[in-house]
Each structure stands twice: as structure tokens, then as C-alpha cells.
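Here are the chains, one letter per residue:
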Amino acid sequence: MPRGFQIRATSVTIFVHLLFIAITTLVLVWLFHFREGVAFNSSNKLKIFNLHPLLMVIGFILVGGEAIITYKSIPGKRSSGKVVHLLLHLIALTSGVLGIIAVFKSKKEAGLPNMYSLHSWLGISAISAFGLQYILGFFSYFFPGADASTRATLLPWHKFLGIVIFLLAVGTAETGLVEYFRFLELFRSQEALIVNFTGLLLFLFAVFVGLSVLLPRNYK
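For the structure given in this document, a descriptive report is provided here. What you are looking at is a predicted structure, and each value in this text was computed from that prediction instead of being measured.

Cut-offs and rules
Residues numbered from 1 in each chain as written. Predicted model: local features only at pLDDT ≥ 70, side-chain atom pairs only at ≥ 80, totals over all residues. Heavy atoms only, no water. Salt bridge = Lys/Arg side-chain N within 4 Å of Asp/Glu carboxyl O. Helix = DSSP H or I, 4+ residues; strand = E, 2+ residues; numbered from the N terminus. Buried < 20%, exposed > 50% of the residue type's maximum accessible area, 1.4 Å probe, protein only. Core = buried A, V, L, I, M, F, W, Y, C linked by side-chain atoms within 4.5 Å. Contact = heavy atoms within 4.5 Å. Phe/Tyr/Trp six-rings, centres within 6.5 Å; stacked < 30°, edge-to-face > 60°. Lys NZ or Arg CZ within 6 Å of the ring centre and 35° of its normal.

## Quick look at the pattern of salt bridges
Here is step 1 of the chain: Scanning all chains against the criterion turns up three salt bridges.
Here is step 2 of the chain: With a closest N to O distance of 2.7 Å, E191 and R35 form a salt bridge. With E191 in helix α7 (residues 190-214) and R35 in the loop between α1 (9-34) and α2 (45-68), the pair connects residues that are 156 residues apart, well separated along the chain.
Here is step 3 of the chain: Residue E191 is classed as buried on the basis of its relative accessible area, which comes to 7%.
Here is step 4 of the chain: Several salt bridges share partner residues, and in doing so they unite K45, K105 and E109 into one network.

## Concerning the nonpolar core
Here is step 1 of the chain: Judged by nonpolar contacts, the single largest core of 49 residues is most densely connected at I23, F60, I61, F166, L202 and F205.
Here is step 2 of the chain: Of all the secondary-structure elements, those providing two or more residues to this core are α1, α2, α4 (78-110), α5 (118-142), α6 (148-183) and α7.
Here is step 3 of the chain: For this core, the element with the most residues is α2, which contributes 12 residues.
Here is step 4 of the chain: Leaving out residues up to four positions away in the same chain, F60 has contacts with L55, A92, S95, G96, A126, I127, F130 and A169.

## Some points on the side chain of S106
Here is step 1 of the chain: Structurally, the position occupied by S106 is in helix α4.
Here is step 2 of the chain: Filtering out sequence-adjacent residues up to four positions away, S106 remains in contact with K45, I48 and F49.

## Quick notes on the packing of aromatic side chains
Here is step 1 of the chain: All told, the structure shown has nine aromatic pairs when counted by the stated rule.
Here is step 2 of the chain: Between F138 and F139 the ring centres are 5.4 Å apart and the planes differ by 90°, which places this aromatic pair in the edge-to-face class.
Here is step 3 of the chain: Accessibility expressed as a relative area gives 24% for F138, which makes it partly exposed.
Here is step 4 of the chain: Overall, the relative accessible area of 47% leaves F139 in the partly exposed class.
Here is step 5 of the chain: When the ring of F138 is compared with that of F142, the centres are 5.5 Å apart and the planes differ by 40°; the resulting orientation is tilted. With F138 and F142 both in helix α5 and four residues apart, the pair spans about one turn of that helix.
Here is step 6 of the chain: Connected via pairs of aromatic rings, a cluster forms that spans W30, F49, Y180 and F183.
Here is step 7 of the chain: Residue placement shows K105 over the ring face of F40; its charged tip is 4.9 Å from the ring centre.

Next comes the structure, spelled out in C-alpha cells:
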């Protein structure tokens, strides 16, 4: 391959980390500067709802994406990467569950219906599939662990389904941003720009997480 087209997965993961920081900054500025912050208990039901995008974007998607690229971004033994991969996914799963609880709680207290939009259908599908993938991965690769031949057979499917679930989560977030954008009746404003740029950077985050998985650590 021509030298100009050579690329390393480790270089791609650096860009993923930068996107992580940029998206986190945008979400925090959006929710705390424009949307009055977050709370689990409040008379302002939007504060409770705001926990949903906070936990789903930063905790579920961004941390989940970092978990996916663990093997390429952490030097050292594969066993160390496996533990970090497991722990980051646990954080992502916990954040996702809490994010779902927050949105159900806010809508219940506000007297609003649940589970009627495409966004909500995709979200429940994503968190359910993520949980199932985590359980299967835990028992197959961590404890008690399947035999070597079984792990080798399952690995391509584990990677494939992991990327599919991650992309489903990102797609769900994009539909959620559009839904909230319309609910808030944003048009041309600073807040609208932040929401739109968050969506664009989430798309780039998904692209480069996927690219980091496809490339070997040193692609030459």
C-alpha cells in the first residue's frame, strides 16, 4: 500500500479521545448553561429529564466507545485491556440504566406518556441488547470463561454485535437530539448550534471508533 495511505489505529484512537472531550464539553455547557442543570429530584421536571441526555451521551455512548477501543489504546498485556474493557462497559451500562430511569421518572412526574416515539423504541432496544451482550461477554471471556475454541468462535460475533449495538446507541442519540430540538423549539441560536454540533461530533465519534476497530494496532 502507498505510504501516504498508511494509518495506525493508535493514531485514530487519539482523535477519538479528543472527540470525547469535545462532546462532553458541549453537553455540559448545553445542560448547565442553557438548560438550568440536572437533578434527580426537583420541582422543575426538565432538570430531571436533563439527566437523560447527560447519562446517555457521556456515560452510555462516550464511555462505551472508549471501552470498544480499549485494546488499541491501552499498551501492555491483553489481560489488562480486557479488565479495563469490562469495567468501562459496566460504567456505560450503569449510566444507560440510570438514564432510562431518569427519563421515565421525569415523564411520570410531569404526567407525560412514555414509549411512543421511534427514539424511545430504539433506546430500549439499545440498552437491552447492550445488557445481553455484556452478560454473554462476561461469562464467555471473563468468569468463568469458555474454552479457547469457543471463545475464538464467538469473538467475531462479539465484535460485530458490539459495533452494531454501539451504532444503534449513537443513532438513538441522534434521534433524541432532534426530538428535544423540536420540543424546545430551537431555531437559530447559540443553543441550537451546540445541539447540532453535538450531533455532528457524535457521528464522527462513531466513525472513528469503528475505524479504530477495523485497523490493527500498527497498520503498515
